[in-house]
Amino acid sequence: GFAYPYGTFRDISPAVERQIAAAGYDWAVTAIGGANGPGRGPYALRRILLQRGDRVQDLDRFLQGALDGWALIQRLSAVVPERGWG
């Protein structure tokens with residue numbers, strides 16, 4: 001498997017996914033939070049961050065998509081230009 005160094009929406013594209021596949025990797029994980037549904041390609045897998053204090057019930061909710069809204073925020077941050085403070 002392959003882990004994108006930063007793994008944001010800005011780092012992933014079909015061309016990059018093809019390069020990873022051509023390099024011999026079977027799958028790749030991103031830093032994008034959320035569950036992976038049946039249509040998720042193997043070179044753009046999302047991850048779920050578990051932290052100390054998370055309960056088994058939390059994991060179940062995360063696997064059901066409770067964190068998927070964060071992916072929308074991450075996608076928007078990829079298309080909104082960065083602005084300096086000054």
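Each remark here, short or long, concerns the structure printed above.
The following paragraphs examine the structure supplied in this document. (Residues numbered from 1 in each chain as written. Predicted model: local features only at pLDDT ≥ 70, side-chain atom pairs only at ≥ 80, totals over all residues. Heavy atoms only, no water.)

### Quick look at the packing of aromatic side chains
Taken as a whole and assessed by the stated rule, the structure comprises two aromatic pairs. Residues Phe 2 and Tyr 4 carry aromatic rings whose centres are separated by 5.4 Å and whose planes lie at 90 degrees to one another, so their mutual orientation is edge-to-face. The partly exposed category is assigned to Phe 2, whose relative accessible area is 23%. Residue classification places Tyr 4 among the buried positions, given a relative accessible area of 6%. (Phe/Tyr/Trp six-rings, centres within 6.5 Å; stacked < 30°, edge-to-face > 60°. Buried < 20%, exposed > 50% of the residue type's maximum accessible area, 1.4 Å probe, protein only.)

### Considering the sheet that holds strand β2 (residues 28–33)
Taken together, the three strands give an open sheet; going across it, the order is β1-β2-β3, and neighbouring strands pair in parallel fashion. In this open sheet, the two edge strands, each paired with only one partner strand, are β1 (2–3) and β3 (45–47). Two elements, β1 and β2, share two bridges in a ladder whose sense is parallel. Bridging across to β2, Phe 2 finds its partner in Ala 28. (Pairing = 2+ DSSP bridges. Helix = DSSP H or I, 4+ residues; strand = E, 2+ residues; numbered from the N terminus.)

### Brief notes about the pairing of β2
Of all six residues in β2, five are buried, a share of seventy percent or more. For the handedness criterion, the β-α-β arrangement of β1, helix α1 (residues 14–22) and β2 is classed as right-handed. (Right-handed = clockwise from strand over helix to strand, strands pointing away.)

### Quick look at a nonpolar patch on the surface
On the surface, Leu 50, Leu 59 and Leu 63 cluster together to form a nonpolar patch covering roughly 250 Å² of accessible area. For Leu 59, a relative accessible area of 31% corresponds to the partly exposed category. (Patch = residues over 30% accessible without salt bridge, like charges linked within 9 Å, V, L, I, M, F, W, Y side chains within 5 Å. Areas by Shrake-Rupley, 256 points an atom, 1.4 Å probe, with all protein chains shown as cover. Salt bridge = Lys/Arg side-chain N within 4 Å of Asp/Glu carboxyl O.)

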